[in-house]
Amino acid sequence: MSDRTVGGVVRSAPAAGNATSGATGVEQSVDLSCAEAAARALADAMRADPSVVTLGEDIGRGGVFAQYRGLLAEFGAQRVIDTPISESTIMGAAVGMALAGLRPVVELRVVDFALCAMDEIVNQAAKARFMLGGQARVPLVIRLPGGIWSGAAAQHSQSLESWFAHIPGLTVVMPATPLAHYALLRTAIESADPVVFIEHKELWTLRGPVPLHDHSAIAHAGRIGVAHTARSGSDLTVCTWSRGLQHCVLAAEQLEGRGVSVEVIDLQSLWPWDKQAVIESAQRTGRLLVVHEAVQVAGFGAEVVATVAEAHPEVKLRRLGAPRIPVGYSPPLEAVSMLTADRVVSAIEQWLGL
Amino acid sequence: MSTEQLLELYRVMLRIRAFEDLADQASQGGTSAFGQATSAAPAPVRGPLHLSHGQEAVAVGVCASLHADDAITSTHRGHGHCIAKGADPWRMFAELLGRADGYNAGKGGSMHIADFSVGMLGSNGVVAAGIPIAVGAAQAFKLRGESRIVACFFGDGAINRGPFLEGLNWAQVFQLPVLFVCEDNRYSATTRSADMTAGEGAAARARALGIATQVCDGNDVIAVARAAAELASQVRAGGGPRLLHAITYRFKGHVSVDPASYRDPRELDRALEHDPIELTERVLMERGCVASAHASKPDSRIGSESAARAAATGPGPSEIASLDEIKRHVREQIEHAMQRALASPWPDAAAAFEDVQDSGGGVWR
Ligand SMILES: Cc1ncc(C[n+]2csc(CCOP(=O)(O)OP(=O)(O)O)c2C)c(N)n1
Ligand SMILES: [Mg+2]
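All figures in this text were calculated on a predicted structure; none of them were measured in a lab. Here, residues in each chain are numbered from 1, in the same order as that chain's written sequence. A letter from A marks each chain and a number from 1 marks each ligand, given out in the order of writing. Owing to the predicted nature of the model, reporting of local features is limited to residues with pLDDT of at least 70; listing and counting of side-chain atom pairs is limited to 80 or more, with chain, interface and lining totals taken over all residues.

Peer 1: Would you mind going over the interface of chain B and chain A with me for this structure?
Peer 2: By convention, interface size is frequently given as the accessible area that disappears when the constituent parts associate. The partner chain A presents 33 residues to the 42 residues of chain B that form the contact. Following the grouping adopted for this structure description, the nonpolar residues are Ala, Val, Leu, Ile, Met, Phe, Trp, Tyr, Cys and Pro, the charged ones are Asp, Glu, Lys and Arg, and the polar ones are all others, Gly among them. Split by residue class, the side of chain B that touches chain A holds 20 nonpolar, 18 polar and four charged. Any residue pair is listed as a contact if its two C-beta atoms, each placed from the backbone, are within 7 Å.

Peer 1: Sorry, what's going on with the nonpolar core here?
Peer 2: Side chains that are nonpolar tend, in soluble globular proteins, to be buried together. What we call a nonpolar core is a set of buried Ala, Val, Leu, Ile, Met, Phe, Trp, Tyr and Cys residues whose membership is set by joining through C-beta atoms within 7 Å. To sort residues by exposure, count the other C-beta atoms lying within 10 Å of each residue's C-beta; 20 or more gives buried, 12 or fewer gives exposed, and values between give partly exposed, all with C-beta atoms placed from the backbone. Within the largest apolar cluster, 207 residues are counted, with the highest numbers of intra-cluster contacts made by Cys152, Val178, Leu179 and Val181 of chain B. In terms of residue count, helix H1 (residues 3-27) of chain B provides more of this core than any other element does, 13 residues in total. Discounting residues that sit within four places of it in the chain, Leu179 of chain B has contacts with Ile149, Ala151, Cys152, Ala228, Leu231, Ala232, Val235, Arg242 and Leu244 of chain B. Core analysis: the second largest hydrophobic core is formed by eleven residues, Ala152, Val327 and Tyr329 of chain A together with Ala352 of chain B among them. Per the convention used, a helix needs a DSSP run of H or I reaching at least four residues, while a strand needs a run of E reaching at least two, with both numbered from the N terminus.

Peer 1: Would you mind going over the domain arrangement of chain A with me for this structure?
Peer 2: All names here are of chain A. By convention here, the domain bounds are inherited from an automatic or database domain assignment. Under the domain assignment, chain A is made up of domain 1 (3-221) and domain 2 (228-352). Taking only C-alpha atoms, the centre of domain 1 and the centre of domain 2 are 24 Å apart. Counting residues at the interface gives 30 residues for domain 1, matched by 28 residues for domain 2. Put simply, the parts of the chain that give the side of domain 1 that touches domain 2 at least two residues each are helix H1 (3-12), helix H9 (161-165), strand S6 (171-173) and helix H10 (178-190). It is H1 that contributes the most residues to the side of domain 1 that touches domain 2, four residues altogether.

Peer 1: Is there a simple way to think about the confidence of the model for chain B in this case?
Peer 2: Low pLDDT means the predicted atomic positions in that stretch should not be read closely. Residues and elements named next belong to chain B. For chain B, mean pLDDT is 93; residues scoring 70 or higher make up 93% of the total. Confidence per residue, as judged by the predictor, is encoded in pLDDT with a range of 0 to 100. Per-element mean pLDDT across chain B ranges from 48 in helix H11 (residues 300-313) up to 99 in strand S3 (residues 178-184). Model confidence for the complex is summarised by a pTM of 0.93, with the ipTM given as 0.92.

Peer 1: Just to check I follow, could you spell out the sheet that holds strand S9 (residues 228-231) of chain A for this structure?
Peer 2: Sheet strands associate in pairs through backbone hydrogen bonding, adopting either a parallel or an antiparallel arrangement. Residues and elements named next belong to chain A. By the convention used here, strands pair only if DSSP detects at least 2 bridges between them. Spatially, the five strands line up as an open sheet ordered S9-S11-S10-S13-S14, and their pairing is mixed. Taken across any chain shown, the strands that pair with only one partner, and hence form the sheet edges, are S9 and strand S14 (316-322). The mean inter-strand angle of the sheet, taken between neighbouring strand axes irrespective of direction, is 25°. Two elements, strand S10 (residues 236-240) and strand S11 (residues 262-266), share five bridges in a ladder whose sense is parallel. Across the sheet, Thr237 pairs through a bridge with Glu263, a residue of S11. Each of S10, strand S13 (287-295) and S14 is contacted by helix H16 (residues 341-352), which is oriented at about 150° to S14, the strand it contacts most. In this analysis an axis means a line fitted to C-alpha atoms, helices contributing only their contacting stretch, and an angle means the value between N-to-C directions, from 0 to 180 degrees.

Peer 1: Before we go on, may I ask you to explain the site of ligand 1 in this structure?
Peer 2: Of all residues adjacent to ligand 1, which total 22 residues, the nearest are Val127, Gly155, Gly157, Ala158 and Ser188 of chain B. Residues within reach of ligand 1 are spread across chains A and B. Counted by class, the shell around ligand 1 contains eight nonpolar, eight polar and six charged residues. Near, for a residue, is defined by distance from a backbone-placed C-beta atom to a molecule or strand, with 6 Å as the limit that must not be exceeded.

Peer 1: Whenever I open this one, the environment of Val356 of chain B confuses me. Can you help?
Peer 2: Mapped onto the elements, Val356 of chain B comes out in the segment after helix H12 (323-342). Taking the C-beta count within 10 Å as the criterion, Val356 of chain B has 14 such neighbours and is therefore assigned partly exposed. With sequence-adjacent residues up to four places away left out, Val356 of chain B is seen in contact with Ile325 of chain A together with Gly361 and Gly362 of chain B.

Peer 1: Mind showing me how you'd approach the packing of helix H2 (residues 56-63) of chain B against helix H8 (residues 221-236) of chain B here?
Peer 2: Two numbers describe a pair of packed helices, the interaxial angle and the distance between the axes. All names here are of chain B. For the pair H2 and H8, the least separation of the axes is 8 Å and the interaxial angle reads 35°. Here H2 and H8 pass one another in a crossing that is right-handed. Contact residues: H2 offers Ala57, Val58, Val60, Gly61 and Val62, while H8 offers Val221, Val224, Ala225 and Ala228. Within the contact of H2 with H8, the residues separate by chemical class into eight nonpolar, one polar and no charged. By definition, any crossing whose near helix is turned counterclockwise from its far helix by less than a right angle is left-handed, and any crossing with a clockwise turn is right-handed.

Peer 1: Before we go on, may I ask you to explain the packing of H1 of chain B against helix H10 (residues 276-286) of chain B in this structure?
Peer 2: Residues and elements named next belong to chain B. For the pair H1 and H10, the least separation of the axes is 10 Å and the interaxial angle reads 155°. The pairing of H1 with H10 is recorded here as roughly antiparallel in orientation. Judged by the sense of rotation from one axis to the other, the crossing of H1 with H10 is left-handed. Across the interface between the two elements, Thr3, Leu6, Leu7, Tyr10, Met13, Leu14 and Arg17 from H1 touch Pro276, Ile277, Thr280, Val283 and Leu284 from H10. Here the word oblique covers every angle except those under 35 degrees (roughly parallel), over 145 (roughly antiparallel) and from 65 to 115 (roughly perpendicular).

Peer 1: How do you make sense of H16 of chain A when you look at a structure like this?
Peer 2: Note on helix geometry: an α-helix contains 3.6 residues per turn, so any two residues three or four positions apart are oriented the same way. All names here are of chain A. Between its first and last C-alpha atoms H16 spans 17 Å; for twelve residues at 1.5 Å apiece the expected length is 16 Å, and the two agree. Contacts from the buried residues of H16 go to S10, helix H12 (244-256), S13 and S14. Just downstream of H16 lies Gly353, where phi reads positive at about 65°. In this scheme, a helix's expected span is set at 1.5 Å multiplied by one less than its residue total.

Peer 1: How should helix H4 (residues 89-96) of chain B be read in this particular structure?
Peer 2: Residue and element names in this part refer to chain B. Within H4, eight of the eight residues are buried, which leaves the element mostly enclosed by the surrounding structure. Among the residues of H4, those classed as buried are Pro89, Trp90, Arg91, Met92, Phe93, Ala94, Glu95 and Leu96. For H4, the secondary structure elements touched by its buried residues are H1, helix H3 (79-85) and H12. Following H4 by one or two positions, Gly98 adopts a phi angle in the positive range, close to 75°.

Peer 1: Explain the environment of Leu289 of chain A to me, please; I cannot follow it from the model alone.
Peer 2: Residue and element names in this part refer to chain A. For Leu289, the position within the fold is in strand S13. Here Leu289 falls in the buried class, since 24 other C-beta atoms lie within 10 Å of it. Counting along the chain gives 232 residues from Leu289 to Glu57, while the straight-line C-alpha distance between them is 38 Å.

Peer 1: Any chance you could explain the sheet that holds strand S7 (residues 195-197) of chain A here in plain terms?
Peer 2: Residue and element names in this part refer to chain A. Strand order in the open sheet made by the seven strands is S3-S2-S4-S5-S7-S6-S12, with mixed pairing throughout. Of all strands in the sheet, those with a lone pairing partner are strand S3 (80-82) and strand S12 (269-271), marking the two edges. On average, each strand axis in the sheet is tilted by 20° relative to the strand beside it, whichever way the strands run. With three bridges connecting them, strand S2 (residues 52-56) and S3 associate as parallel partners. By the bridge assignment for S3, Leu55 is matched with Ile81.

Peer 1: Would you explain the pairing of S11 of chain A in this entry?
Peer 2: Every other side chain in a regular strand lies on the same face of the sheet, so the side chains alternate between the two faces. All names here are of chain A. Of all five residues in S11, five are buried; the element is thus mostly enclosed. Side chains of S11 alternate between two faces, with Val262, Val264 and Asp266 and Glu263 and Ile265 buried alike. Where S9 meets S11, three bridges bridge the pair, whose relative direction is antiparallel. Residue pairing for S11: Thr229 is matched across the bridge by Ile265. Looking down the strands as they point away from you, a crossover is right-handed if its path from the first strand over the helix to the second goes clockwise. In this fold, S10 hands off to H12, which returns the chain to S11; that crossover is right-handed.

Peer 1: Help me understand unusual backbone geometry, please; the structure alone is not making it clear to me.
Peer 2: All names here are of chain A. Omega for the peptide link from Trp271 to Pro272 comes to -5°, which places this bond in the cis form. Within the secondary structure, Pro272 is located in the loop between S12 and helix H13 (275-285). Here the phi dihedral of Gln268 falls at roughly 70°; this positive angle occurs in a residue that is not glycine. When you line up the elements, Gln268 lands in the loop between S11 and S12.

So, in structure tokens, the structure goes:
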């Protein structure tokens, strides 16, 4: 990712964490990558609560994306559990641990391999609380790196968030900035219900300020179900999440130069999602474009658009997602599925007849 | 095995090594993981590239026991299996480079190469996913009364996934013609497989299901070929599945950009002394082959011994090229394959919409 892209998000991101903290929050901020922020969040949660454990393949060596770096040395193999390649048991055992009073953070490598543990996620973790009549809670977090990881092809590039948003019992979180990785992972670990935490693979190296010592800023940024307005505007609202934020902020900057004022909302969590913020903004601008990297057909954008349409038929609505094709390996094929700022710009140009 | 046959296996091993050396070079900086960043200039080979340096004898020894119409299933580390089953390196390179002439038309890349024309049913990005697929293909062959068999390659880490148990059980229950091959390279990504595996591994688990097994030195191509030939003929005779547990070692990191800093370098040094290609060269030289055309004559004792053996097993040292010449020739062929692949065109973006599905396929929305 280019510096410009990073800058685009970093310039507009601090609003979320620092809305209440102002200049001191920025001073106290530590510059972290998303991978570092997530590792830090897990370490801080493990320090704060001895019932937090983490398990998954290769995490003893820091995980393939270094998002578990340093944890084994500090917490030992009892709490940082290297596992066999056994996705269904990693997930199923985590459900058992949660039922028995631990707070497991599960690593499943990439969202594509969550499909090897779907029964444990959907039939066990998501339903236990309800099915067992409220006797049980399943406080666990499932970390699923998602999205196109350039060159990784069809089995390592999917965006499957709408699968999980469809399942009652699951909370679905998709952070877009280092601050969001830190703050939302802390909240997810404290949640009493299973949280699917989808981190975009191409965001691991994105850097940004995280006000680690400003508790109110962290608490503010860590509210699940609260969207973050990354950029204010008056002509059109763009609602996005995860890596889509980078592209949409860049697109908004480009369009600003041409006299179009775009508001960008980072949803941050898909369930629960901040209907109020999206509806309020869409009503104000009169237009809502939902942008996501996932396949457009039956994607979560459909849910957002339908919800707004039911409440406010006067709002004009569009979606931008990927075509309904597997992600190809070769650059020209992969590019067809890839979300870019240019694609967002041209969708808006077309819509507004620019 | 005759010297001629061994020379052929040697050539195929060299082909795999040369292919992966070039692929390795072309991939540096092509993916970010294991603490390595993507380079500014995109590498020609992108994404995770899993190399099988050090494991060539398993692919080559097993495929030597297969017929042209037999099938194989492979893993994420499948270049060797493809080449050993007869896939053409230039079209494999074209796939790694994402070109239109690639086996998968540029859609799959390294982890998904398949060549159905030689019975190679697919590499796979999901660990152990090839096991049930191999079992099903064998069931199809059996159902149609064909004498074809399936060789199913998987790693030592894959045996801890459910599909391993389910697939072996299934093959045994239905007495299917599958030769399971566990390529035990001691590692599962960054993890030592032994730390995560109860019992004695693949062979012990297969025996618990009543499947006959052999364990062999996976770096000794003669030993692999001998064991595979025995097991394959039992499978072909309708005896149900068999399992070959080949002990080998992964010379490189998990993927090409992984420096493998989690393992003791001395472990690698010891393993390098057991390089399957060098081991084969030693045997060939004992049988009278010369290292290079300019090398001094082998000493008379070895010479007479090898001459005697050559008389029994095939052409003598004077009739065959030196090992250096063979190596050079293979390298040239592989370099030529890469050049040819580099000249292949990029796929048309419209191809992204093709081969999705018949009904309702190839659409944006
Ligand atoms: C179901 C699944 N889980 C995890 C992975 C990630 N992964 C890719 S290769 C690998 C290690 C596999 O080890 P092994 O089976 O021994 O094969 P090797 O890499 O040693 O050839 C892992 C964990 C995957 N591709 N699929
Ligand atoms: Mg292995």
